[in-house]
Amino acid sequence: MKKKRDACAGIPPHPRKEPRLDLPLTPEGVQEAFRDCADFSTRTVERGGEQGKPLTLCYLAGMVKLERISDYILRPLAQDRDLSAADGADAWRQMADGALYNLKVEKRTDMDQAAMDLIDGWCLLFEPGQPGALSLFAATEDKRSVGPPENETVLKGAQDAFVESLRTNTSLVRRHLKAPELKIKEQTVGRQSLTSVDVLYLDGIADPETVAEVERRLERMDIDGVLSAGSLEEYLVDDIWTAFPLIQYTERPDRFCGGLMEGRVGVLADGLPLGYLAPGAVSSFLRAGQDKASNWMTATAVTVLRYLCVFVTLLTPALYIAMATFHQEMIPTRLALSMIAAKRDVPFQTVFEVLIMLVAFEILQEAGLRLPQSIGQTVSIIGGLVVGQAAVEAKIVSPAVLIAVAIAGIAGYTMPSQETAGALRLWRFLLAVLASLAGLIGVVGGAALLVFHLAGIESFGVPYLAPFAGAGGGNAIRRAVTRPPLARMKLRDPVLKTPNRRKQG
């Protein structure tokens, strides 16, 4: 696995210690660094005891809250008599030690740090004759308010979801998990975006090797910017040559915290309203966040139904092609006669009928996703009815093909993970082609190829087919397929490697 990971890592890491801005940390140097930036602003401030030597304040408009600068910086400089009477060196020390009302004050001596502070919403204060600058926190907190999740249905549970602000997301996690064992480690990823990425885990529960591996992979990332979810996911997963997801994502803080308590490692990135959980196994992608909020018998029945729908969405089109083309004896006589009568005027072979409908189904689904939400669902429903009915009436496809494809498509919608559903759709096409070439032998061979593919995948050292293969045992399999009563269910996921420093209950 290590060799596979090294091959996917790309070019060696960029040397991050080299300075990006080789300029002196002076007001003139800062102006040169942010030359041609319309949002860069400066303000000169007169201090009573130092007439003729005004202070210089630099900031980026839109990144700072102007009221904070006025109340926490300009007001003390204008009204503090002791500060006004002090000489340059003494006044500089007083401002650094608390004469200004800022909670966060840092001394900066190089341009790289100062430029990063400006971009993050700090402002720089220069005193004539003093080296460096004082960096004062004055960032604006304008952000999207916390609201209910849009893509994960919550019937019984917390109505909050992750937003684009990293600190807001970590605070949401802290509100759900108040244990001091919750650790948050931060790294900066991206040459140009300089995105803050946090690694979250519960000390004593998460596997230290998994935590260290996540941190190593983040350090190895050598990209210009983390602006989308894919930019982060493809560098974290073990194998990029698979359509199946290897790390789980969620927009629900309660589900994210549940994964941390099971022993998983979480990843939050600034600008992404999602939380990632690693490692991921196939069983984790077939569990919904609503399962623990429902009655255990109902949740068990629904979970078993999801596993059944995996086989239905994968095999229904392929089995129909195989039976209609090669194995007509498997079809009941009356049903076979009905299918023959319906297909009499259809000019295409069965495999082309199925592929046409599968492609049409994917096109309608994509159109519904890309259109505005208010009309997307309407277009998908009406388009499906119109296209399906028109195709049957025009004798392009037979009714049995339409029914088989519709059953497979609806079964795929039961997947809690949309990425898993997308991977199943790709393999559904492959199985349909193999069934048209070799009948049931092609279906069985394609299914074996899929199992072989999944058996060769790992996610941070955990087999992807766990607990059905490789780890966990019988109890883990029962937990993956059913949802036992919470009083009898262990907190930790049996397929994960977790230290035994805490009693599992």
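Residues numbered from 1 in each chain as written. Predicted model: local features only at pLDDT ≥ 70, side-chain atom pairs only at ≥ 80, totals over all residues. Heavy atoms only, no water.

**Describing the sheet that holds strand β10 (residues 275-278)**
Then step 1. Read from one edge of the open sheet, five strands run β6-β7-β9-β10-β8, paired in antiparallel fashion. Unpaired on one side and paired on the other, β6 (182-189) and β8 (248-250) mark the two borders of the sheet. Across the sheet, the mean angle separating the axes of adjacent strands is 25° when strand polarity is ignored.
Then step 2. When strand β7 (residues 195-202) meets strand β9 (residues 265-269), the two strands line up antiparallel, connected through four bridges. Its bridge partner being in β9, V199 is matched across the sheet by V267.
Then step 3. With respect to the sheet, helix α10 (residues 253-262) is in contact with β6, β7, β8, β9 and β10, its orientation differing from that of β10 by roughly 20°. (Pairing = 2+ DSSP bridges. Helix = DSSP H or I, 4+ residues; strand = E, 2+ residues; numbered from the N terminus. Axes fitted to C-alpha atoms, helices over the stretch in contact; angles between N-to-C directions. Contact = heavy atoms within 4.5 Å.)

**A short note on the pattern of salt bridges**
Then step 1. This model, assessed by the stated rule, comprises 22 salt bridges.
Then step 2. D36 serves as the salt-bridge partner of R35, at 3.8 Å between the closest nitrogen and oxygen.
Then step 3. In this structure, R75 engages D71 in a salt bridge whose closest nitrogen and oxygen atoms are separated by 3.3 Å. Of this pair, R75 and D71 both sit in helix α3 (residues 66-79), four residues apart, which is roughly one turn of that helix.
Then step 4. With relative accessibility at 40%, the residue R75 sits in the partly exposed group. (Salt bridge = Lys/Arg side-chain N within 4 Å of Asp/Glu carboxyl O. Buried < 20%, exposed > 50% of the residue type's maximum accessible area, 1.4 Å probe, protein only.)

**Comments concerning helix α5 (residues 88-99)**
Within an α-helix, residues lying three or four positions from one another point in the same direction, as the helix has 3.6 residues per turn.
Then step 1. End to end, α5 covers just 14 Å across 12 residues, shorter than the expected 16 Å (1.5 Å per residue, more than 12% under).
Then step 2. Along α5, the positions that sit buried rather than exposed are G88, A91, W92, Q94, M95 and A99. One side of α5 holds all its buried residues, which, seen down the axis, span an arc of 165°. (Expected span 1.5 Å × (residues − 1). Arc of directions from axis to C-beta.)

**Here we look at the environment of A78**
Then step 1. Mapped onto the elements of the fold, A78 is located in helix α3.
Then step 2. Exposure remark for A78: the relative accessible area of 61% places this residue in the exposed category.
Then step 3. Taking C-alpha positions, A78 is 8.6 Å from V45, a pair spaced 33 residues apart along the chain.

**Re the sheet that holds strand β5 (residues 133-137)**
Then step 1. Taken together, the five strands give an open sheet; going across it, the order is β1-β2-β4-β5-β3, and neighbouring strands pair in antiparallel fashion. In the strand order of this sheet, the two ends are held by β1 (40-45) and β3 (105-108), each with one partner. The average undirected angle you get between the axes of adjacent strands in this sheet is 25°.
Then step 2. In this structure, strand β2 (residues 55-60) lies alongside strand β4 (residues 122-126), joined through three bridges in antiparallel fashion. Within β4, the residue paired with L57 across the bridge is L125.
Then step 3. Contacting β1, β2, β4 and β5, α3 runs over the sheet at an angle of about 170° to β2.

**Considering the pairing of β10**
Note on strand geometry: in a regular strand, side chains alternate between the two faces of the sheet.
Then step 1. Judged by which residues are buried, β10 turns out to be covered on both faces: G275 and L277 on one side and Y276 and A278 on the other are all buried.
Then step 2. Pairing geometry for β8 and β10, over three bridges, is antiparallel. When the bridges of β10 are listed, T250 appears paired with G275.
Then step 3. Pairing of β9 with β10 involves four bridges; the strand directions are antiparallel. Paired with L268 across the two strands is G275, which belongs to β10.

**Comments concerning the environment of I356**
Then step 1. On the secondary structure map, I356 appears in helix α13 (residues 350-370).
Then step 2. On the basis of relative accessibility, which here comes to 34%, the residue I356 falls in the partly exposed class.
Then step 3. Separated by 49 residues in sequence, I356 and V405 have C-alpha atoms that sit 10.0 Å apart.

**Some points on the packing of aromatic side chains**
Then step 1. A full pass over the atoms with the stated rule returns seven aromatic pairs.
Then step 2. When the ring of W122 is compared with that of F137, the centres are 5.5 Å apart and the planes differ by 80°; the resulting orientation is edge-to-face. Here W122, found in strand β4, pairs with F137, found in strand β5; they are 15 residues apart in sequence, far enough to count as distant.
Then step 3. Look at W122 and you get buried, because its relative accessible area is 12%. (Phe/Tyr/Trp six-rings, centres within 6.5 Å; stacked < 30°, edge-to-face > 60°.)

**Observations concerning the environment of R287**
Then step 1. With respect to the helices, strands and loops of the structure, R287 is situated in the loop between β10 and α11 (296-325).
Then step 2. Judged by relative accessible area, which is 17%, R287 ranks as buried.
Then step 3. Once the C-alpha coordinates of R287 and T303 are considered, the two residues, 16 residues apart in sequence, prove to be 7.0 Å apart.

**So, the confidence of the model for the protein chain**
Then step 1. Of all residues in the protein chain, 88% have pLDDT values of 70 or greater, and the mean over the chain is 84.
Then step 2. Taken element by element, the predicted model of the protein chain shows its lowest mean pLDDT in helix α1 (residues 2-8) (42) and its highest in β9 (95).
Then step 3. Residue range residues 1-17 is modelled with pLDDT below 50. Its contacts to residues more than four positions away, or to other chains, number 29 contacts. (pLDDT = per-residue confidence, 0-100.)

**Let's talk about the packing of helix α8 (residues 208-220) against helix α9 (residues 229-236)**
Then step 1. Across the interface, α8 lies against α9 with an axial gap of 9 Å and an inter-helix angle of 120°. With respect to α9, the element α8 is oriented oblique. Between α8 and α9 lies a crossing whose hand is right-handed. Counted together, V214, R217 and L218 of α8 and L232, Y235 and L236 of α9 form the full contact between these two elements.
Then step 2. Classifying every residue of the contact of α8 with α9 gives five nonpolar, no polar and one charged. (Parallel < 35°, antiparallel > 145°, perpendicular 65-115°, else oblique. Left-handed = near helix turned anticlockwise from the far one by under 90°. Nonpolar A, V, L, I, M, F, W, Y, C, P; charged D, E, K, R; others polar.)

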